[in-house]
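Listed below, chain by chain, are the residues.
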Amino acid sequence: MVQRRKGEFKNARASYEAALSQSADFQYAHRNLAILCDLYIGDDTCAMEHYEAYSRIVPDDAEVVKWIADLRDRGKKQEKR
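What comes next is a walk through the structure. (Residues numbered from 1 in each chain as written. Predicted model: local features only at pLDDT ≥ 70, side-chain atom pairs only at ≥ 80, totals over all residues. Heavy atoms only, no water.)

Quick word on the overall build of the protein chain
Reasoning step 1: A tally of helices and strands in the protein chain yields five helices and zero strands.
Reasoning step 2: Helices (α) and strands (β) of the protein chain occur, in sequence order from the N terminus, as α-α-α-α-α.
Reasoning step 3: A globule of 81 residues ought to have a C-alpha radius of gyration of about 12 Å, and the protein chain, at 13 Å, matches this closely.
Reasoning step 4: Overall, the protein chain is about 35 × 30 × 20 Å in size when its C-alpha atoms are taken along their principal axes.
Reasoning step 5: When each of the 81 residues of the protein chain is scored for burial, the buried share is 32%. (Helix = DSSP H or I, 4+ residues; strand = E, 2+ residues; numbered from the N terminus. Rg over C-alpha atoms; globule rule 2.2 N^0.38 Å. Buried < 20%, exposed > 50% of the residue type's maximum accessible area, 1.4 Å probe, protein only.)

Written as C-alpha cells, this is what we have:
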C-alpha cells in the first residue's frame, strides 16, 4: 500500500502478486491488487479477477460486491461505444 501511495504502481503490483504467489488466498492482497488495477492502472481484467477472488474468500463484504457490479457496468458501457 505504501508503494501505491507513492505512485509506484508497477512495484505495488509486483508486491501484491508476490504475496499471492506465497499465499493464493491472502484476501488483503487480492483486494488491494484489485483496487490498484481498477483505480490506478486501469486494468479491468486484473481488477475483476482479484475482486472476484477476494469475494470468494470474503463473501459477506457488500462493498466489494458493489465494486464488482460497478466494474461490470463500466465494461458494458465501453462495449456499447
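A word on the packing of aromatic side chains
Reasoning step 1: Applying the stated criterion across every chain yields a total of three aromatic pairs.
Reasoning step 2: Judged by centre distance (5.8 Å) and plane angle (50°), the ring pair of Tyr51 and Trp67 falls under tilted. You can see Tyr51 sitting in helix α4 (residues 44-57) and its partner Trp67 sitting in helix α5 (residues 62-80), a full 16 residues away along the chain.
Reasoning step 3: With a relative accessible area of 24%, Trp67 lands in the partly exposed category.
Reasoning step 4: A cation sits over an aromatic face here: Arg31 above Tyr54, 6.0 Å from the ring centre. (Phe/Tyr/Trp six-rings, centres within 6.5 Å; stacked < 30°, edge-to-face > 60°. Lys NZ or Arg CZ within 6 Å of the ring centre and 35° of its normal.)

Some words on a nonpolar patch on the surface
Reasoning step 1: Together, Leu39, Tyr40 and Ile41 line one region of the surface with nonpolar side chains, adding up to about 290 Å² of accessible area.
Reasoning step 2: Within the secondary structure layout, Ile41 lies in helix α3 (residues 27-41).
Reasoning step 3: By relative accessible area, which is 35% here, Ile41 ends up partly exposed. (Patch = residues over 30% accessible without salt bridge, like charges linked within 9 Å, V, L, I, M, F, W, Y side chains within 5 Å. Areas by Shrake-Rupley, 256 points an atom, 1.4 Å probe, with all protein chains shown as cover. Salt bridge = Lys/Arg side-chain N within 4 Å of Asp/Glu carboxyl O.)

Regarding the state of the cysteines
Reasoning step 1: Inspection of every chain in the model, using the stated rule, returns one disulfide.
Reasoning step 2: What pairs with Cys37 in a disulfide is Cys46, and their sulfur atoms sit 2.1 Å apart. What sets the handedness of the Cys37 and Cys46 disulfide is the S-S torsion sign, and at about 50° it is right-handed. (Disulfide = S-S within 2.5 Å.)

Description of the environment of Tyr16
Reasoning step 1: Looking at the element boundaries, Tyr16 is found in helix α2 (residues 9-22).
Reasoning step 2: Here Tyr16 falls in the buried class, since its relative accessible area comes to 8%.
Reasoning step 3: Sequence spacing of Tyr16 and Met1 is 15 residues, and the spatial spacing of their C-alpha atoms is 9.1 Å.
Reasoning step 4: Dropping the residues within four chain positions of it, Tyr16 is found in contact with Met1, Arg4, Ala29, Asn32, Leu33 and Leu36. (Contact = heavy atoms within 4.5 Å.)

Things to note about α2
Reasoning step 1: The first and last C-alpha atoms of α2 sit 20 Å apart over 14 residues, in line with the 20 Å expected at 1.5 Å per residue.
Reasoning step 2: Along α2, the residues that are buried comprise Ala12, Tyr16 and Leu20. Angular distribution of buried residues about the axis of α2 spans 70°; they occupy a single face of the element. In this structure, α2 carries Lys10, Ser21 and Gln22 as exposed residues pointing more than 90 degrees from its buried face.
Reasoning step 3: Those residues of α2 that are buried lie in contact with α1 (2-5), α3 and α4. (Expected span 1.5 Å × (residues − 1). Arc of directions from axis to C-beta.)

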